[in-house]
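These are the residues of each chain, in order.
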Amino acid sequence: MVLDYITQGFVNVMDPFIIGLMVVGIFLGILMGSIPGMTATMTIAVLLSFTFTMEPAQGMMLLLGIYGGAVYAGSIPAILIRTPGTPSAAATIFDGYPLSQKGEAGRAVRISTIASFVGGVISVLALMFFSPVIADAALRFQSPEFFALAVFGLTIIASVSGDSLTKGMVSGLLGMLVATIGIDPITGYHRFTFDIPELLTGVEFIAVMIGLFGIAEGLRKYAEGINEDQDEITQDVSGVLPSFSDLRAIAPVSTGSGILGALIGAIPGAGGDIAAFITYNEATRWIKNATPSFGDGNIRGVAAAESGNNASTGGALIPTLTLGIPGDSVSAILIGALLVHDVNPGPGLYQDQPELLYTIFVGFLLIYVFILLFGLLGANYWAQVINIPKQFIWPIILLLTVIGAIALRGNLFDAWVMLGSGVLGYVMRLRGYPLAPIVLGLILSPIAEVNLRRSLALSNGSPDIFLNSPIALVILLLSVATILIPAVRALGE
Amino acid sequence: MPEDTSTEPTRQTVLSRRNLVKAVGTTGLVATAGCLDSVSSQLSGQQSWPSRPVEIISPWAAGGGADRTSRAVADAAENHTEGTWNVSNQTGGSGSVGMNAAANAKPDGHTIGCMAPEIALFEHLGIADLSPDDVTPLMQYTEFPAALVVRKDSKFKSVDNWIAYGQKNTIKMANSGFGSSWHMAAAAIADEAGVKVEHISYDGAAPAMTAVANGEVDSTAVGAAEVASQVKDGNLRALGVAFDEKVKSLPNTPTLANEGLDIRIGSWLAHFAPPDMTESRKQEIVDVYNSVYEDDGFVEFMNNNGFIRVKRSPKELQQFLQEQYEYYGNLVDKLGISKQ
Amino acid sequence: MIKQQIEDVIKRTPSSISSNPLSAVFILIALAVIYTANRFPEKGLVGPELFPTLISVGIIVFAAADILSETQTEQELTDLNFRPPAVVIGLLMLYVSLMPVTGFLLGSMLLLLVLLHYSNVRSTTLLIALSVGFPILLFYLFGRIFLIRLPEGIVPISRLLPQLPLGVVV
C-alpha cells in the first residue's frame, strides 16, 4: 500500500517542470544560504506567492528545494571564511575552517555535501515511515521538557570552549546575557531596552553571529595584512568524489547524527542550529582519540554538524504534516503554502491526499540527490573562491554582511548591532575567548528562561513539575553527567 | 456595518503552467513600460499619483498574515493604478517599528502602512509612542475572529461547561504572546464570561495551540482560521467563535453569542497612510482600495486562504480605532499589565 | 604550600588585571546588570530579574577565575598591526551612518571604491567596474527581487535604474 504510493509519487515527480522547479529552488537556496544573513525563511517567504499559481506538489518542490539548498549551503562560508551562512552552520566552523586552512576546503565541502545528503535522506525516510510515532513523542514536549533540552544544549559550551573553560563560560554567559534584552515574554517588562524600539523584540541574534564571525574574521585579515600573501594556502582542487577512506570514516557519524538531527528537528521550536550543536557535541563525546582531534580539522566533526542540521529539515516536516504544528519557522510558511490550495496539514492528510504526501516525500528525497550532485560538482569551484586574492574578496564580503544585517528586519539598526558584535568578536578572539559559546548562549538562553519560568508558573512554584516529567528528568540527568564526568576524569588524572 | 462574505463557497483554483508564464510575462511588460513614465515624473517632481512604485510596509515578517494579505492588495492594486506596488517588511518592536516607519513617511501616497489592533495597544503597554491618532486610516479589509479552543478530549464540551468550571476554578489559558491582541482577546472573553483565568504566554499561536493539545494548559483563544485544520482532524475542539455569525473555516462551531457570550473580538488588518495627507490624495487612494476590495483576484485570494473579507471605510475605521483604543485601555487596566 | 599559592595569586592579581582588561570589563558590565536588574519591579516567584542576575553572577565568577588563573600574562600581540582593522571598521561605520543620506546604492559604491583602494587594488578599471557594478547587482538582487528595504538616501538615484521584468528572472 505504502509502496504503491511511493511508486506513484516517483512517477509524479518525474516531470520536467517539477524537476526544473527543484533545481531552481536548490540554486536559489544555495545562493541565499551561502550569503551570511540571508535565511531560508526569508527566501521562502518572498517566493511563496509564486507558488500560489502552481499545483501544491509543484510549489512544495520549489520551496523544499530552497530549504534544503539553503541549509546545506550555510556550511560553505563556514568552511571557507569562518562565517556561518545560516545559524544552522555555526557548528560546522569548528572543523570545517581548520580544514580549509590546511588547503583542504574542497575536501571539507565534499564531506559536508555527503553528510548533508545522508542527514537529509535519513530525515525524509523518518518522515515517510515513522512520522506518527515521532510526532506523538514530539508533542509530549511541554515547558519542563523544553527547559531540560535547553539546559542540555547549554552544557555544550564546555566542549566547544577550546583551551580555556573559564573563557568559554564567560563567552557563553555573555551570549545568554545579551539574549535577555527585550520585552520579558512572561511579564511584559522592558529589560535593558533603553527605550530603543528595535530592542523590544530583542537583539537580532543572526546580526550578532554575522558580526562575531564575518566582521571579526575580516578585521583579522586586515590586521595580518590584506595584500600580503603570507598565509596563502594552495587549495587542493583535484577530484570530485571523496576518497573511500573518508567515506568510511564519516559513515557512522553521519548516520547517527542524521537520526538524532531528525528527532531534534521534529520537536517544535528546535531547529537546525540546535540540532547541529547537539550532534556535533555527541560526536565529540562518542568518538574517542579522534585524529586530528575535534576542532583541528577532523572531517567527522564537519559530517556530524552537517548531517545533523540537514536532518532537521525533514524532521521539522514531521509535526508539520502529521499534526499541522510547524516544526520550525520555515515549515510554518510551508503550511501557508499548502493551505492556499485547500490542503490542510494534519492527520487527515494521510487519509485524504496520500498521493500528494508521498509525492512530496519522494520529491524531497530527490532534492537531496540533486544537492549531492551539485555539491560534489561545485566543491572545487567553491574551494577556488578562497584562491581569489584577499584584497578583492574581503571588501565584497564585508559589504555583503552589512546587507545581510539590513535584510534581517529591513532596518539599519541591525547593521550597527553587527558592527558592534564584530568589534567585540575581534577583541575577544585576540584575547583567546572562544566565540561559538556566545551563539549557543544566544540561541538557548531564551528557551531555558521562558520555559523555566512558565513551568514554575504552571506548577505554582513547585519544582515537582520537573521531577514528574520522565523526559525532562532524563535530559537533566544527562546534562549533569555531561558536566560531571569530564570533571571527575580530569580530577582523577 | 462591515460587510461579511465569509459564507461564500470556496473555489479551488489551479492555474495551468501556461497561465503562470503568461501572468509573469505581463507583469514584466507592465513593469518595464511603467518605469520610463515614473522616472520622468519623478525627476520633474510631478504631483500625480502614483508617480513611482508604491510601497506597503508590512510590520511583521514575510509569510505571515499581514505580509500575505498586503501582497494580495499590492497585486490587485496594480490592476487599478498605473505603476507597481511592492511590499517590504520592516519588523520589530511588536510591529511598532514598521508602523512607525510608515506613519513617519512622506504623505504623498507612495508609502502605505499596515496596522492591526496592536496600534491601539502600544501606548497602553508603553511599547511605542504610536496611537490611532498618528495615522490616516484608509481601509480595513479583513478580520480574524477569535475561537475559544480546548483539547479534543477535554472535560469542556461546551462554552457552558467552560464557564461553569471557570466560575469555581482557575482556568489556565494560553495566548500567543504577552500583550498581543490575542492575549487581549483571551482576557476579554474571560471577562465577559466572568471566569477566573491565569494567562500563560507563548511565543506565537502554534506553540499556544500545541500547549492546549498536549494538555499543558486548559484552553486558548486563537484565530479561527489558524486553528481550523487542528479542529477538523487534530487534537483540538473549538467551543465558540467570537464573531457575528458562523465562520466558514469552522462550520460546526457556534458563535459565542449563540452560547450566551455577547462578544466579537480577535484581530484585524487595515492599511493606513501617514498623517497630514491632502484630502484629494487620500480620496484617490481610497478609490483604488475600493476597487481592490472587489477585485476578482483579491477576492479569490482571500477566500482560498481562509481570510474573511470585512470592510471598514476610512470614516468607520477612524471611529472603530477610537473605540478600540478605549476598549483596550480598559482591558489593560483590568489585567494590571499597563505601562510600568 | 597553599599559603604560598594564595600569596602568588595576590601578588599576581594587579598585573593580571592589566593584562586581561576584557575580563575586568565583563565584570563591570555584570555588576551594572545586577544593579539594574534588582531595580526591576518584583513580579511573581521567578521574575524578569532572576536570569540576568544569575547570568551576571556567573560572569563575575568565571571572569575572576580567568584573571586569577591567567598564566600567560603577555600575549603575542606585537605581530599584529592594529591600524588596518581600525580603519576598516571606521569605514564600515561611516558607511552605515551615512547610508540614510547617500542611500544604499551610492553609499555602497563609495565604500567599495575606498575599501578596494585601501586594500591595494590599483587597477582603475577593476576599481570602477567592481565598485559600480557590484552594488547595482546587489541592488537588483536584494532591493528589487527580494524587496529588502534598502535605504534610498536623499537623492534617490536608485529610482533611475530600470525596473526588472521580474517574472523572467525568478
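Each chain has its residues counted from 1, running along the sequence as written. Key to labels: chains lettered from A, ligands numbered from 1, both in the order written. Since the coordinates come from a predicted model, pLDDT governs what is reported: local features require at least 70, and pairs of side-chain atoms require 80 or more to be given and counted, while whole-chain, interface and lining totals use all residues. For side-chain calculations, the full set of non-hydrogen atoms in the structure is used, while hydrogens and water are omitted.

The name an unreviewed UniProt entry gives chain B is Tripartite tricarboxylate transporter substrate binding protein, with Halocatena pleomorpha as the organism.

The name an unreviewed UniProt entry assigns to chain A is C4-dicarboxylate ABC transporter permease, from the organism Halocatena pleomorpha.

Focus on the overall build of chain A
Segments assigned H or I by DSSP are reported as helices when at least four residues long, segments assigned E as strands when at least two residues long, and all are numbered from the N terminus. In terms of helices and strands, chain A carries 22 helices and two strands. Throughout, the radius of gyration refers to the C-alpha atoms, and the reference size of a globule is 2.2 Å times the residue count to the power 0.38. Relative to the globule expectation of 23 Å for 493 residues, the C-alpha radius of gyration of chain A, 22 Å, shows essentially globular dimensions. A 1.4 Å probe rolled over the protein chains alone gives each residue an accessible area, and that area as a share of the maximum for its type sets the label: buried under 20%, exposed over 50%, partly exposed in between. Counting only residues that meet the buried cut, chain A has 68% of its 493 residues in that class. Every residue pair with non-hydrogen atoms within 4.5 Å of one another is taken to be in contact. Within chain A, contacts between residues separated by at least 24 positions form 79% of all contacts whose residues are at least 6 apart in sequence. Of the roughly 15700 Å² of accessible surface on chain A, a fraction of 67% belongs to carbon and sulfur atoms. Only four residue types enter the charge count, namely Lys and Arg as positive and Asp and Glu as negative; His and the chain termini do not. Throughout, a charge is located at the NZ atom of Lys, the CZ atom of Arg, the CG atom of Asp or the CD atom of Glu. Counting 20 positive and 32 negative side-chain charges, chain A places the centres of these two groups 11 Å from one another. To be clear on the numbers: accessible area is Shrake-Rupley with a 1.4 Å probe, and residue cover counts the displayed protein chains and nothing else.

Observations concerning the overall build of chain B
Check the secondary structure of chain B and you find 11 helices and 10 strands. In chain B, buried positions account for 59% of the 340 residues. Excluding contacts between residues fewer than 6 apart, the proportion of contacts in chain B whose partners are at least 24 apart in sequence is 78%. Within the structure as shown, chain B displays about 13300 Å² of accessible surface, and the carbon and sulfur contribution to it stands at 48%.

Let's talk about the packing of helix α18 (residues 390-409) of chain A against helix α19 (residues 413-430) of chain A
All names here are of chain A. Remark: α18 packs on α19, axes separated minimally by 7 Å, with the N-to-C direction vectors making an angle of 135°. As far as their axial angle goes, α19 and α18 are oblique. Every pair of crossing elements has a handedness; the one defined by α18 and α19 is right-handed. Residues Thr401, Val402, Ala405, Ile406, Leu408 and Arg409 of α18 form the contact with α19, whose own contacting residues are Phe413, Asp414, Ala415 and Met418. A fitted line through C-alpha atoms represents every axis, and for helices the fit uses only the stretch in contact; the resulting angles, taken between N-to-C directions, go from 0 to 180 degrees. Any angle that is under 35 degrees is reported as roughly parallel, and any over 145 degrees as roughly antiparallel; angles of 65 to 115 degrees are reported as roughly perpendicular and all others as oblique. Should the near helix be turned anticlockwise from the far one by less than a right angle, the crossing is left-handed, and should it be turned clockwise, the crossing is right-handed.

A short note on the packing of aromatic side chains
Here a pair means two rings of Phe, Tyr or Trp (six-membered ring of Trp) with centres within 6.5 Å. Their orientation is stacked below 30 degrees between planes, edge-to-face above 60, and tilted elsewhere. Within the structure shown, the criterion is met by 24 aromatic pairs over all chains. Ring geometry for Tyr358(A) and Phe361(A): centres 5.3 Å apart, planes at 80°, overall edge-to-face. With Tyr358(A) and Phe361(A) both in helix α17 (residues 354-385) and three residues apart, this pair spans about one turn of that helix. The burial state of Tyr358(A) is the same as that of Phe361(A); both residues are buried. Pairwise contacts between aromatic rings join Phe94(A), Phe277(A), Tyr280(A) and Phe294(A) into one cluster. The ring centre of Tyr433(A) lies 5.4 Å from the NZ or CZ of Lys167(A), which sits over that ring. Either the NZ atom of lysine or the CZ atom of arginine qualifies as a charge over a ring when it sits within 6 Å of the ring centre and within 35 degrees of the ring normal. Between Arg309(B) and the ring centre of Tyr293(B), over which it is positioned, the NZ or CZ distance is 4.3 Å.

Notes on the nonpolar core
The definition of a nonpolar core used throughout is a set of buried Ala, Val, Leu, Ile, Met, Phe, Trp, Tyr and Cys residues joined through side-chain atoms within 4.5 Å. With 331 residues, the main nonpolar core has Trp85(B), Met115(B), Trp162(B), Leu250(B) and Phe142(C) as its most contacted residues. No other element matches the 17 residues that α17(A) contributes to this core. Sequence-distant contacts of Phe142(C), that is, excluding residues within four places in its chain, are made with Met32(A), Ile35(A), Met38(A), Leu400(A), Ile403(A), Leu147(C), Ile148(C) and Leu150(C).

So, the interface of chain A and chain C
Buried accessible area, meaning the area lost when the parts come together, often serves as the stated size of an interface. In this assembly, 62 residues from chain A lie in contact with 66 residues from chain C. We define buried area as the total accessible area lost by two parts upon association, computed with a 1.4 Å probe and summed across both. Between chain A and chain C the total buried area reaches about 5800 Å² when both faces are included, carbon and sulfur atoms providing 82% of it. When the buried surface of chain A facing chain C is broken down by residue, Tyr222(A), Leu399(A) and Arg431(A) rank first, second and third, together holding 11% of it. In this structure, Lys167(A) engages Asp66(C) in a salt bridge whose closest nitrogen and oxygen atoms are separated by 3.4 Å. In protein, a polar contact requires one atom able to donate a hydrogen and another able to accept it; more generally it is a pair of N or O atoms within 3.5 Å, and residues adjacent in sequence count only if both atoms are side-chain atoms. Put simply, chain A and chain C have eight residue pairs in polar contact (both at pLDDT 80 or more) between them. For the side of chain A that touches chain C, the elements supplying multiple residues, two or more each, are α2 (16-33), α3 (40-47), α10 (165-179), α11 (205-224), α18, α19 and α20 (436-458) of chain A. Ranked by the residues each element gives to the side of chain A that touches chain C, the list is headed by α18(A), at 11 residues. Three categories are distinguished: nonpolar for Ala, Val, Leu, Ile, Met, Phe, Trp, Tyr, Cys and Pro, charged for Asp, Glu, Lys and Arg, and polar for the others, with Gly belonging to the last. Residues of the side of chain A that touches chain C, tallied by class, amount to 45 nonpolar, 10 polar and seven charged. Between Lys or Arg on one side and Asp or Glu on the other, a salt bridge is scored when a side-chain nitrogen of the former is within 4 Å of a carboxyl oxygen of the latter.

With respect to the pattern of salt bridges
Counted according to the given criterion, the structure contains 23 salt bridges over all chains. The partner of Glu282(A) in a salt bridge is Arg285(A), with the nearest N and O atoms 3.1 Å apart. On the criterion of helical spacing, the pair formed by Glu282(A) and Arg285(A) is a turn pair, its members being three residues apart in helix α13 (residues 272-286). Glu294(B) is the partner of Arg309(B) in a salt bridge, and the nearest nitrogen-oxygen pair spans 3.5 Å. Residue Arg309(B) is located in strand β10 (residues 308-312), and its partner Glu294(B) is located in helix α9 (residues 279-294); the two are separated by 15 residues in the primary sequence. Here Glu294(B) falls in the partly exposed class, since its relative accessible area comes to 46%. Connected through salt bridges with shared partners, the residues Glu217(A), Arg220(A), Lys221(A), Glu224(A) and Arg429(A) form a single ionic network.

Considering helix α7 (residues 105-129) of chain A
Here the expected length of a helix is defined as 1.5 Å per residue gap, with one fewer gap than residues. Its 25 residues place the ends of α7(A) 36 Å apart at the C-alpha level, agreeing with the 36 Å of an ideal helix rising 1.5 Å per residue. Here α7(A) lies mainly inside the structure; 20 of its 25 residues are buried.

Brief notes about unusual backbone geometry
With an omega of -15°, the peptide bond between Thr291(A) and Pro292(A) qualifies as cis. Along the chain, Pro292(A) turns up in the loop between α13 and α14 (299-323). For the peptide bond that leads from Trp49(B) to Pro50(B), omega is -5°, which places it in the cis range. With respect to the helices and strands, the residue Pro50(B) is situated in the loop between α1 (17-44) and β1 (54-58). Backbone geometry places Asp195(A), a non-glycine residue, at a positive phi of 60°. Note that Asp195(A) resides in the loop between β2 (190-191) and α11. Residue classification places Asp195(A) among the exposed positions, given a relative accessible area of 76%.

Quick notes on a nonpolar patch on the surface
Where nonpolar side chains cluster on the molecular surface, the patch consists of Leu94(C), Leu98(C), Val101(C), Leu106(C), Leu110(C), Ile154(C), Val155(C), Ile157(C) and Leu160(C) and spans about 780 Å² of accessible area. By the secondary structure assignment, Leu110(C) is in helix α4 (residues 83-118). Put simply, a patch holds well-exposed residues, over 30% relative accessible area, that have no salt bridge, with like charges counted together within 9 Å and Val, Leu, Ile, Met, Phe, Trp or Tyr side chains within 5 Å.

Structural notes on the environment of Gly461(A)
Position of Gly461(A) relative to the elements: it lies in the loop between α20 and α21 (464-467). When the C-alpha atoms of Gly461(A) and Ala57(A) are compared, they prove to be 48 Å apart, with 404 residues separating the residues in sequence.

Details of the pairing of strand β9 (residues 266-273) of chain B
Residue and element names in this part refer to chain B. The element β9 is extensively covered by neighbouring structure, given that eight of its eight residues are classed as buried. At least two DSSP bridges between two strands are required for those strands to pair. One ladder, built from three bridges, connects strand β3 (residues 111-115) with β9; its direction is antiparallel. Directly across from Gly113, in β9, lies its bridge partner Phe272. The pairing of strand β4 (residues 136-151) with β9 spans eight bridges and is classified as antiparallel. Residue pairing in the sheet places Pro137 in a bridge with Phe272 of β9.

Here we look at the environment of Val150(B)
All names here are of chain B. Among the structural elements, Val150 can be located in strand β4. C-alpha separation for the pair Val150 and Val231, spaced 81 residues apart in sequence, amounts to 9.6 Å. Non-local contacts of Val150, meaning those with residues more than four positions away in its chain, are made with Phe156, Trp162, Val212, Asp218, Ser219, Asn235, Leu236, Arg237 and Leu239.

Details of the pairing of β10(B)
Across a regular strand the side chains alternate sides, sitting on one face of the sheet and then on the other. In terms of residue burial, β10(B) counts as a mostly covered element, since five of its five residues are buried. Side chains Ile308(B), Val310(B) and Arg312(B) project from β10(B) onto one buried face, and the interleaved Arg309(B) and Lys311(B) project onto a second face that is buried too.

Examining the packing of helix α12 (residues 244-266) of chain A against α14(A)
Residue and element names in this part refer to chain A. Contact pair α12 / α14: the axes reach a minimum separation of 6 Å and the direction vectors enclose 35°. Crossing angle aside, the handedness with which α12 passes α14 is right-handed. Contact residues: Asp246, Ala249, Ile250, Val253, Ser254, Ser257, Gly258, Gly261, Ala262, Gly265 and Ala266 in α12; Ile299, Arg300, Ala303, Ala304, Ser307, Gly308, Ala311, Ser312, Gly315, Ala316, Ile318 and Pro319 in α14.

Observations regarding the confidence of the model for chain B
Across chain B, pLDDT averages 85, with 86% of residues at or above 70. Model confidence for the complex: the whole-complex pTM is 0.86, and ipTM, which rates the interface, is 0.87. Values of pLDDT, which run from 0 to 100, indicate the predictor's confidence residue by residue.

Overview of helix α8 (residues 224-233) of chain B
Of all 10 residues in α8(B), seven are buried; the element is thus mostly enclosed. Inspection of α8(B) places Ala224(B), Val227(B), Ala228(B), Ser229(B), Gln230(B), Val231(B) and Asp233(B) among the buried residues, and these make up the whole buried set.

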